[in-house]
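Each chain, written out:
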Amino acid sequence: MTSRPASEKTPEFASILYLDGVSVSFDGFKALNSLSLVIEPGEMRAIIGPNGAGKTTMMDVITGKTRPDEGEVFFKGNIDLTKHDEAYIANLGIGRKFQKPTVFESQTVFNNLELSLKGDKGIMTTLFAALGDADVARIMEVLEIIRLSERANWLAGNLSHGQKQWLEIGMLLMQDPDLLLVDEPVAGMTDAETEQTSDLLRKISENHSVVVVEHDMEFIRALDTKVTVLHEGSVLAEGSLDVVQNNQRVIDVYLGR
Amino acid sequence: MDFSSTKKGPFVSLVTGLPGGGKTFLGILLVAALLVPLSNLLVPESSFFHVPTYMVSLLGKYLSFALLALSVDLIWGYCGILSLGHGAFFALGGYAMGMYLMRQIGDRGVYGNPDLPDFMVFLNWTELPWYWTGFDMFPVAMTMVILVPGILAFIFGWFAFRARVTGVYLSIITQAMTYALMLAFFRNDMGFGGNNGLTDFKEILGFDLQSDGTRLGLFVCSVIALAFGYLISSFITQSKLGRVLIAIRDAESRTRFSGYRVEYYKLFVFVVSAVLAGIAGALYVPQVGIINPSEFSPAQSIEVVIWVAVGGRGTLWGAVLGAMLVNWGKSYFTGALPEAWLYMLGGLFVFTTLFLPKGIVGTSAIWIEKIKNRQTGPASTIPAYVKEE
Ligand SMILES: Nc1ncnc2c1ncn2[C@@H]1O[C@H](COP(=O)(O)OP(=O)(O)OP(=O)(O)O)[C@@H](O)[C@H]1O
Ligand SMILES: [Mg+2]
């Protein structure tokens, strides 16, 4: 690894995710502006910010979809994420839920989970793959967690919006990632579903690192975790929800939009 | 809950593992493979049930088209890659076979040159170009039938898929590819017979191409090739890899973020498809007796897509059915109303797009499912490909 961030503690990595001075611009417009962010192993972090703050773009950078113009992005201390593509990064152990729930609509819920199963994703392995009993058991377990056991044989396209959100989270669980990036998980959900989702994410965060982007403040409050406020591509404030909500700059940004 | 379809291992016998429709399809092929030769050989010519030899070759031609349609369905119906240039792979397979058949003519050509095909003598060439070497040997030619389309597809796919060219842009460059090849093969100095192509074939493996027996043999080979293509395609689409292809078709970026190297999956299925198309071309040429650059024409490739759309993309036997029906219609109407055929083909495509978006097979599967639902309440067993948008 060439330039290791000086602040980083070695040899045991201190951070699961480390972003420093990351900038991305689209046709001159800075979607990310020298963004720095550190997530500790096992931490759950909520990220809020007005529309266009750069939350999704940040996830694009972490998952290899967008290359940053400048800045460093490290996973587990020394893996430079700017050098890899989406598939590689996914197999490294970073799972991502899209802002618009995206599942394989013309396949069953069961097969959606099967496709997301952790393991060798090479052509020949996939061509000759057979599902073992342990795999089926794992799929059943995840179906239970995401409350879709009854829907296992449904086509994913026939699920409700909220159920699709859960299925996509279930697909992340099948990948068994170390870090989950969850973009707007409760958009379009009923209050009851929202509550179930915050329970679900809290449970997941017991043994995974999780980054959650949301606009729903009730939901963020229920997550009961550290909050980062993004604005115009960089961090505006960080701390508990109460602290950031009383931060004058945050109030200005939210009222002024 | 029954997950047997997902759980079953890969080495379950190719045939017993087929879904019901697949077995029926292979059964029909087998019956055709037996009945057509029997009725050609044993039923007296005066009988209604006699299949004349020209009809045997016509059916053989349809079968080779069906294999071509299958190859297009494999990439388009299952992986969303709309190739508008698959005729190129078909034609290349056909040319490889044609080169072998040319060499089989030997000194029976008009100029009586034992080594050079007539068109080369006519061009005052004195020796065979290097790339014709070995084509007098059947195994070499058959290897080329597979290798040439396969390698072209690999190179094309390597660049296109890695650069993440998708959708309309990909379709356009496949058109450009087949168009460029057509222009190249039109040139006399390419050494493939220019605008006349390769023709006047005499024998294949020593058998007279005009004889009834050879024609029946080619027909049976076409049946076997189609069955083989069907089994391969079915194995691929029934496997987990097939489900990855559908995932790519429906949500490419989700598939990437689930850890699959999408470009390699596309490359794999594109190459398999091109090889099947090449084999189809190799069967087509001896049965129609000619291969020329018009097989590369962009319109030809577009026609194949229409066959698949009419039959039902994303269902293997839909592609076969579409190819058979449309080509039967073409044979009939180009005889009966020659000027009208192109309009009818265009009209058929518009009609299919508007009223049968899933093609004949897909749309009827939806109806059957609806009738079933009326009896038993909503079920979730609708096959993936017939989901209504
Ligand atoms: N591929 C792109 N090309 C051009 N502009 C882009 C692109 N992706 C994002 N942007 C712009 O970058 C800015 C940040 O977008 P981003 O999607 O990251 O915001 P966000 O914080 O996720 O907002 P939201 O809460 O609405 O989801 C927006 O102004 C957006 O228009
Ligand atoms: Mg966003």
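See the structure shown above.
Below or above, wherever it landed, is the structure these notes cover. (Residues numbered from 1 in each chain as written. Chains lettered and ligands numbered in written order. Predicted model: local features only at pLDDT ≥ 70, side-chain atom pairs only at ≥ 80, totals over all residues. Heavy atoms only, no water.)

1. Focus on the overall build of chain A
- Assigned secondary structure in chain A consists of 10 helices and 10 strands.
- The C-alpha radius of gyration computed for chain A amounts to 19 Å, which stays within 12% of the reference 18 Å derived for 257 residues, consistent with globular compactness.
- For chain A, the spread of C-alpha atoms along the principal axes amounts to about 50 × 45 × 35 Å.
- A total of 257 residues make up chain A; the buried ones form 56% of that total.
- Counting contacts in chain A only where the partners sit at least 6 residues apart, residues at least 24 apart contribute 68% of the total.
- Taken as a whole, chain A presents about 10,800 Å² of accessible surface, with 48% of it coming from carbon and sulfur.
- Distance between charge centroids for chain A: 2 Å, based on 24 positive and 39 negative side chains. (Helix = DSSP H or I, 4+ residues; strand = E, 2+ residues; numbered from the N terminus. Rg over C-alpha atoms; globule rule 2.2 N^0.38 Å. Buried < 20%, exposed > 50% of the residue type's maximum accessible area, 1.4 Å probe, protein only. Contact = heavy atoms within 4.5 Å. Areas by Shrake-Rupley, 256 points an atom, 1.4 Å probe, with all protein chains shown as cover. Lys, Arg positive; Asp, Glu negative; His and termini not counted. Charge placed at Lys NZ, Arg CZ, Asp CG, Glu CD.)

2. Thoughts on the overall build of chain B
- The helix and strand tally for chain B stands at 15 helices and four strands.
- Taking 2.2 N^0.38 as the reference for a compact globule, 389 residues should give roughly 21 Å; the C-alpha atoms of chain B span a radius of gyration of 22 Å, in line with that estimate.
- In terms of its C-alpha atoms, chain B occupies a principal-axis envelope of roughly 75 × 60 × 45 Å.
- Here chain B holds 389 residues, and the buried ones make up 51% of them.
- Counting only contacts in chain B whose residues sit at least 6 apart along the sequence, the fraction spanning at least 24 positions is 75%.
- Here chain B contributes 25 positive and 22 negative side-chain charges, whose respective centroids are spaced 16 Å apart.

3. Remarks on the coordination of the magnesium ion (ligand 2)
- At 1.9 to 2.1 Å from the magnesium ion (ligand 2) lie its protein donor atoms, namely Thr56 of chain A (OG1) and Gln99 of chain A (OE1). One end of the pair, Thr56 of chain A, is in helix 1 (residues 55-62); the other, Gln99 of chain A, is in the loop between strand 6 (94-97) and helix 3 (109-116), and 43 residues separate them in sequence. (Donors = N, O, S within 2.8 Å, 3.2 Å for Na, K, Ca; no water.)

4. As for a nonpolar patch on the surface
All names here are of chain B.
- A contiguous nonpolar patch, built from Leu30, Val31, Leu34, Leu35, Leu38, Leu41 and Leu42 and spanning about 730 Å² of accessible area, is present on the exposed surface.
- In this fold, Leu41 is placed in helix 2 (residues 20-41).
- For Leu41, a relative accessible area of 57% puts it in the exposed group. (Patch = residues over 30% accessible without salt bridge, like charges linked within 9 Å, V, L, I, M, F, W, Y side chains within 5 Å. Salt bridge = Lys/Arg side-chain N within 4 Å of Asp/Glu carboxyl O.)

5. Examining the pattern of salt bridges
- In total, this model carries 23 salt bridges over all chains according to the counting rule given.
- With a closest N to O distance of 2.7 Å, Glu43 of chain A and Arg45 of chain A form a salt bridge. No difference in accessibility class separates Glu43 of chain A from Arg45 of chain A, as the two residues are buried.
- Across the pair Glu303 of chain B and Lys330 of chain B runs a salt bridge whose closest N-O atoms are separated by 3.4 Å. Placement of the pair is Glu303 of chain B in helix 12 (residues 298-311) and Lys330 of chain B in helix 13 (residues 316-336), with a sequence separation of 27 residues.
- The class of Glu303 of chain B is buried, set by a relative accessible area of 12%.
- Classification of Lys330 of chain B as partly exposed rests on a relative accessible area of 25%.
- Within this structure, Glu43, Arg45, Lys226 and Glu238 of chain A form a network of salt bridges that share partners.

6. Observations regarding the interface of chain B and chain A
- On the chain A side, the residues contacting the 39 residues of chain B number 45 residues.
- The junction of chain B with chain A conceals about 3,700 Å² of combined surface from both sides, 64% of it contributed by carbon and sulfur atoms.
- Close ionic contact of Arg243 of chain B with Glu114 of chain A constitutes a salt bridge, the shortest N to O distance being 2.7 Å.
- At the level of elements, helix 1 (4-7), helix 8 (212-238), helix 9 (240-250), helix 10 (252-257) and helix 11 (262-288) of chain B are the ones that each hand at least two residues to the side of chain B that touches chain A.
- Counting residues per element, the side of chain B that touches chain A draws most heavily on helix 9 of chain B, which supplies eight residues.
- Residue classes in the side of chain B that touches chain A are distributed as 18 nonpolar, eight polar and 13 charged. (Buried area = accessible area lost by both parts, 1.4 Å probe. Nonpolar A, V, L, I, M, F, W, Y, C, P; charged D, E, K, R; others polar.)

7. Observations concerning helix 1 of chain A
All names here are of chain A.
- Within helix 1, seven of the eight residues are buried, which leaves it mostly tucked inside the rest of the structure.
- Along helix 1, the residues that are buried comprise Lys55, Thr57, Met58, Met59, Asp60, Val61 and Ile62.
- Count one or two residues on from helix 1 and you reach Gly64, which has phi positive near 85 degrees.

8. Observations concerning the nonpolar core
- Core analysis: the largest hydrophobic core is formed by 146 residues, its most contacted members being Leu167 of chain A together with Leu198, Leu226 and Phe296 of chain B.
- With 18 residues, the single largest contributor to this core is helix 11 of chain B.
- Judged by nonpolar contacts, the second largest core, of 26 residues, contains Val22, Leu32, Leu35 and Met58 of chain A. (Core = buried A, V, L, I, M, F, W, Y, C linked by side-chain atoms within 4.5 Å.)

9. Description of the sheet that holds strand 7 (residues 179-183) of chain A
All names here are of chain A.
- Taking strand neighbours across the sheet as the criterion, the six strands line up as 6-7-8-3-9-10 in an open arrangement whose pairing is mixed. In the strand order of this sheet, the two ends are held by strand 6 and strand 10 (234-239), each with one partner. With direction set aside, neighbouring strand axes in the sheet form an average angle of 20 degrees.
- With five bridges joining them, strand 9 (residues 226-231) and strand 10 adopt antiparallel strand pairing. Within the sheet, the bridge partner assigned to Val227 lies in strand 10 and is Gly239.
- Sheet contacts for helix 10 (residues 248-255): strand 3 (44-48), strand 9 and strand 10; angle to strand 10, the most-contacted strand, approximately 125 degrees. (Pairing = 2+ DSSP bridges. Axes fitted to C-alpha atoms, helices over the stretch in contact; angles between N-to-C directions.)

10. With respect to unusual backbone geometry
- The residue Arg147 of chain A is not glycine, and still its phi comes out positive at about 60 degrees.
- In this structure, Arg147 of chain A sits in the loop between helix 5 (133-145) and helix 6 (161-175).

11. Quick word on the side chain of Thr225 of chain A
Residues and elements named next belong to chain A.
- Mapped onto the elements of the fold, Thr225 is located in the loop between helix 8 (217-223) and strand 9.
- Owing to a relative accessible area of 19%, Thr225 belongs among the buried residues under this scheme.
- Looking at Thr225, its side chain comes within polar contact range of the main-chain oxygen of Met44, at 2.5 Å. (Polar contact = N/O pair within 3.5 Å; in protein donor to acceptor, adjacent residues only side chain to side chain.)

12. Focus: the environment of Glu214 of chain A
Residue and element names in this part refer to chain A.
- When you line up the elements, Glu214 lands in the loop between strand 8 (209-213) and helix 8.
- C-alpha separation for the pair Glu214 and Thr190, spaced 24 residues apart in sequence, amounts to 15 Å.
- Aside from chain neighbours lying at most four places away, what touches Glu214 is Ile47, Ile48, Glu184, Pro185, Val186, Ala187, Phe219 and Ile220.
- A polar contact is formed between the side chain of Glu214 and the backbone nitrogen of Val186, at a distance of 3.0 Å.

13. Describing the packing of helix 3 of chain A against helix 5 of chain A
All names here are of chain A.
- Axis separation between helix 3 and helix 5 bottoms out at 10 Å; the angle between their running directions is 120 degrees. Note that helix 3 runs across helix 5; the crossing there is right-handed. Contact residues: helix 3 offers Val109, Phe110, Leu113 and Glu114, while helix 5 offers Ile139, Val142 and Leu143. (Left-handed = near helix turned anticlockwise from the far one by under 90°.)

Purely geometric stuff here, so don't read any function into it on its own.
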